[in-house]
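Each chain is listed here by its residues.
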2 protein chains.
Amino acid sequence: MSDTTPETGNAFDIKDFPQLYSVLNDEDKEFLLSNHVVKYYAKNDKIYGEGEKPKGLLCLGSGKVKVYKEGIGGREQIVRMVAAPNFLGYRALFAEDVHIASAVAIEECTIFFIPKDVVFKLISSNSKVCKNILRSFAVELGFTRYRTVSLTQKHIRGRLAESLLFLRDIYGYKDDGITLDIQLSREDIANFSNMTTSNAIRTLSTFVNEKVIAVDGRTIKIVDETKLERISKLG
Amino acid sequence: MSDTTPETGNAFDIKDFPQLYSVLNDEDKEFLLSNHVVKYYAKNDKIYGEGEKPKGLLCLGSGKVKVYKEGIGGREQIVRMVAAPNFLGYRALFAEDVHIASAVAIEECTIFFIPKDVVFKLISSNSKVCKNILRSFAVELGFTRYRTVSLTQKHIRGRLAESLLFLRDIYGYKDDGITLDIQLSREDIANFSNMTTSNAIRTLSTFVNEKVIAVDGRTIKIVDETKLERISKLG
DNA sequence: ATAAAAACATGTTATATAACACAAATTTAA
DNA sequence: TTAAATTTGTGTTATATAACATGTTTTTAT
């Protein structure tokens, strides 16, 4: 992590983080502006790790992050793929617990750090802040529960298809309207879909053969959305 | 569901629901007391179902509830076992979504229903209410994520052992200190542990043979906690 | 009290997928 | 610019567990 501006020079600031800033009154805006820290992370930088204690709220202002848990025999399970703007690592904060997952920047990130006491002061004085955080939790819990069922019940093809559709939902397409706006290693795709890397590679190949997707290195195009959704649905 | 007092005559009321009542000031207490409904459910009564829209907040005052999702081919996955006092069905409320799971009373329950607008008024006027709900979400999200990894990565023995330990954590023991204070069908145990009923039965039997647990019908005693924890940990 | 239904139990077979092995391609480092 | 390491790709084998079959016991309904 670096405290200097990133090379790209994109000047993101907390005013562009709607879940927090846009619902505050002028006084609280002033308070927040003078009580947060902007942090920059390069690709592959660790943002927090399992077992660490959160010192405040993290707000992903720009960039992409993967959140994963170490499982049996060090096998990594990606439990969340995060797009900006979104809260990050807030579960541990509100459970008054240590982090039970790790977060890594999968591309350059801007993160706004808000100290614990500042967060709780904002929540106390502004119920809209509270509602936004509640909504984030509710949406994420829904996603996680849905995934539990998919990852345990669907077969490999269904799991992979669903993962690709989730990546579409989270990061969207590039300008061409078919290229997923995220680059992941086969291993990350496997860890997100609960399968071995070999099987992720194999199944991606069969999807290419079936003309459901097109692959060029780590660039994935969804060629036949309907078919992919059918594969995901059938399990 | 019935609106009359249950046969047992246990007079639970919302004053015994600490997550809400104990943090309110006198005015809000009055407001809550005159703006909620007490509902009674018999064993096996459905409390809400997938696709329904929540009309308010449910607070489980007494009794036990299972929350499950319909998966592939109608296969049911229990995503939460609830003990009183606890919030229930609140994810959909705060996500402004329909229920994505169903809730069924596994024994007689008392539930306090608080209409949506009353809930939001309480949250606005009292940040401690908000914090309590945030904590519930945070704890539950942690549990759900932990489970996702266990249910996908652990083998049958580990999954079943873990489920039994979770049931112990959630419902505790009876007075003898070894009998789980919850009665479940083998099918429910299977649906909680992501396995077929046959395999749940089979694995319970091997645990009995290994003197880890003792079983009499639906009554389960944990005879060797250390061994059970080891089985759960090894996966 | 008896029939019907549901739950429990156990043995056998089929199969999805992990595990393993190895090669090729690509990226990183020296 | 060459070597080393990592990632990607593919074929084979082993195995955990679902699926199936069938019988027994317990519960529920009449």
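For every chain, the first residue of the written sequence is number 1, and numbering continues from 1 along that sequence. Chain labels run from A onward and ligand labels from 1 onward, assigned in the order the entries are written. Two thresholds apply to this predicted model, a pLDDT of at least 70 for residue-level local features and 80 or more for giving and counting side-chain atom pairs, whereas whole-chain, interface and lining totals are computed over all residues. Derived side-chain values reflect all non-hydrogen atoms in the structure, with water molecules and hydrogen atoms excluded from consideration.

Chemist: Explanation requested: the relation of the copies chain B and chain A in the structure shown.
Modeler: Related by rotation about an axis and a shift along that axis, the two copies of the chain form a pair. The two copies are related by a screw operation: chain B maps onto chain A through 180 degrees of rotation and 0.0 Å of translation along the axis, at an RMSD of 0.0 Å. These values place the two chain copies in the arrangement generated by a two-fold rotation axis. In this description, contact between two residues means that some pair of their heavy atoms is separated by no more than 4.5 Å. Interface overlap between copies is the fraction of interface residues in one copy that are interface residues in the other; for chain B against chain A it reaches 100%, indicating a shared surface. Our superposition of the copies is a least-squares fit, built on the C-alpha atoms of residues whose pLDDT is at least 70 in both.

Chemist: What am I meant to see in the state of the cysteines here?
Modeler: By definition, a disulfide links the sulfur atoms of two cysteines through a covalent bond. Any cysteine sulfur atom paired with another within 2.5 Å is treated as part of a disulfide. In the structure shown here, the tally under the stated rule is 1 disulfide over all chains. Put simply, Cys130(A) and Cys130(B) are joined by a disulfide, and their sulfur atoms are 1.5 Å apart. Handedness here is read from the sign of the S-S torsion; for Cys130(A) and Cys130(B), about 100 degrees, the answer is right-handed. With Cys130(A) in helix α4 (residues 127-153) and Cys130(B) in helix α4 (residues 127-153), this residue pair bridges two chains. Looking at Cys130(A), the relative accessible area reads 1%, which means it is buried. Unpaired in this structure, Cys109(B) has its nearest cysteine sulfur neighbour in Cys59(B), at a distance of 13 Å. Each helix is a run of H or I in the DSSP string that is no shorter than four residues. Each strand is a run of E no shorter than two, and both are numbered from the N terminus. Three labels apply to residues, based on accessible area from a 1.4 Å probe with only protein chains included: buried if under 20% of the type maximum, exposed if over 50%, partly exposed otherwise in between.

Chemist: Could you clarify how one ought to interpret the packing of aromatic side chains in this entry?
Modeler: What characterises a pair of aromatic rings is the spacing of the ring centres plus the angle enclosed by the ring planes. Stacked, tilted and edge-to-face are the three classes applied to pairs of Phe, Tyr and Trp rings, where Trp contributes its six-membered ring and a pair requires centres within 6.5 Å; stacked means planes under 30 degrees apart, edge-to-face means over 60, and tilted covers the rest. What the rule picks out here adds up to 17 aromatic pairs over all chains. Their ring planes at 85 degrees and their centres at 6.1 Å tell us that Tyr146(A) and Phe166(A) sit as a pair that is edge-to-face. Pair noted here: Tyr146(A) is in helix α4 and Phe166(A) is in helix α5 (residues 156-171), with a separation of 20 residues, a long-range link. Under the relative-accessibility criterion, Phe166(A) is labelled buried at 14%. Here the aromatic rings of Phe17(B) and Phe112(B) are separated by 6.4 Å at their centres, their planes lie at 75 degrees, and the arrangement is edge-to-face. One end of the pair, Phe17(B), is in the segment before α1 (26-33); the other, Phe112(B), is in strand β8 (residues 109-115), with 95 residues separating them in the sequence. Comparing Phe17(B) with Phe112(B), the two get one shared label, buried. Working rule: Lys NZ or Arg CZ, within 6 Å of ring centre, within 35 degrees of ring normal, means a charge sits over the ring. We note Arg147(B) situated over the ring of Phe192(B); from NZ or CZ to the ring centre the distance is 4.6 Å.

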